[in-house]
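# Fold and contact review
Single-letter residue listing:
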Amino acid sequence: VQLQASGGGTVQAGGSLRLSCAISGRSLSMYNMGWFRQAPGKEREFVAGVSWSGGATDYADSVKGRFTISRDNDENTAALQMNSLEPEDTAVYYCAAGLRSIGFNWRPSAMYYWGKGTQVTVSS
């Protein structure tokens, strides 16, 4: 199973970016999908998650109302729409897949597969 994140870049504060995550090797519908980020010198943290069916979502308080997670099981992709970006959002962003059986457990240690990160830089 491979996850590939893309869509990172550099944007000014207040701008938007859309991250995508493609999964290969297994059907996306087998997994809850999450986005995490890690800034320099900080631990990896949960950003947003979506259930395997797409019927439920969860967000970190810091991104609520600004970020939207979605998924398309037919296309085997997940996405993170990031609006009103702030310099504090600067980090490497990772997509990850968690087993459906663990439910909404968004601890990084609970995720089963990880993609390589994509850099998001927000300038002030």
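Quick note: structure is the one above.
Residues numbered from 1 in each chain as written. Predicted model: local features only at pLDDT ≥ 70, side-chain atom pairs only at ≥ 80, totals over all residues. Heavy atoms only, no water.

Our focus in this paragraph is the state of the cysteines. In this structure the tally under the stated criterion is one disulfide. Each sulfur of the disulfide joining Cys21 and Cys95 lies 2.2 Å from the other. Taking the sign of the S-S torsion, 65° for the link of Cys21 and Cys95, the bridge is right-handed. Residue Cys21 is found in strand 3 (residues 17-24), and its partner Cys95 is found in strand 9 (residues 91-99); the two are separated by 74 residues along the sequence. As far as burial versus exposure is concerned, Cys21 and Cys95 are alike and both buried. (Disulfide = S-S within 2.5 Å. Helix = DSSP H or I, 4+ residues; strand = E, 2+ residues; numbered from the N terminus. Buried < 20%, exposed > 50% of the residue type's maximum accessible area, 1.4 Å probe, protein only.)

The subject of this paragraph is the side chain of Arg37. By the secondary structure assignment, Arg37 is in strand 4 (residues 31-38). Exposure remark for Arg37: the relative accessible area of 7% places this residue in the buried category. A polar contact of 3.4 Å, which involves the side chain of Arg37, links it to the side chain of Ser62. Polar side-chain contacts of Arg37 include one of 2.9 Å to the side chain of Tyr93. Among all residues touching Arg37, those that are not within four sequence positions of it are Glu43, Arg44, Glu45, Val47, Ser62, Val63, Phe67, Glu88, Asp89, Ala91, Val92 and Tyr93. (Polar contact = N/O pair within 3.5 Å; in protein donor to acceptor, adjacent residues only side chain to side chain. Contact = heavy atoms within 4.5 Å.)

As a further point, take the packing of aromatic side chains. Under the definition given, this model contains seven aromatic pairs. Ring centres of Tyr112 and Tyr113 lie 4.9 Å apart, and the angle between their planes is 90°; this geometry places the pair in the edge-to-face category. Using a relative accessible area of 48% as the deciding quantity, one classes Tyr112 as partly exposed. One Lys or Arg, Arg44, reaches over the ring of Trp114 and ends 4.7 Å from the middle of that ring. (Phe/Tyr/Trp six-rings, centres within 6.5 Å; stacked < 30°, edge-to-face > 60°. Lys NZ or Arg CZ within 6 Å of the ring centre and 35° of its normal.)

Attention now goes to the pattern of salt bridges. Taken as a whole and assessed by the stated rule, the structure comprises five salt bridges. Residues Asp89 and Arg37 are paired through a salt bridge, measuring 2.9 Å at the closest nitrogen-oxygen approach. Residue Asp89 is found in the loop between strand 8 (77-82) and strand 9, and its partner Arg37 is found in strand 4; the two are separated by 52 residues along the sequence. For Asp89, a relative accessible area of 1% translates into the label buried. The salt bridge partner of Glu86 is Arg66, with a shortest N-O separation of 3.9 Å. Of this pair, Glu86 sits in the loop between strand 8 and strand 9 while Arg66 sits in the loop between strand 6 (57-59) and strand 7 (67-72); the two residues are 20 residues apart in sequence, bridging distant segments of the chain. Owing to a relative accessible area of 33%, Glu86 belongs among the partly exposed residues under this scheme. (Salt bridge = Lys/Arg side-chain N within 4 Å of Asp/Glu carboxyl O.)

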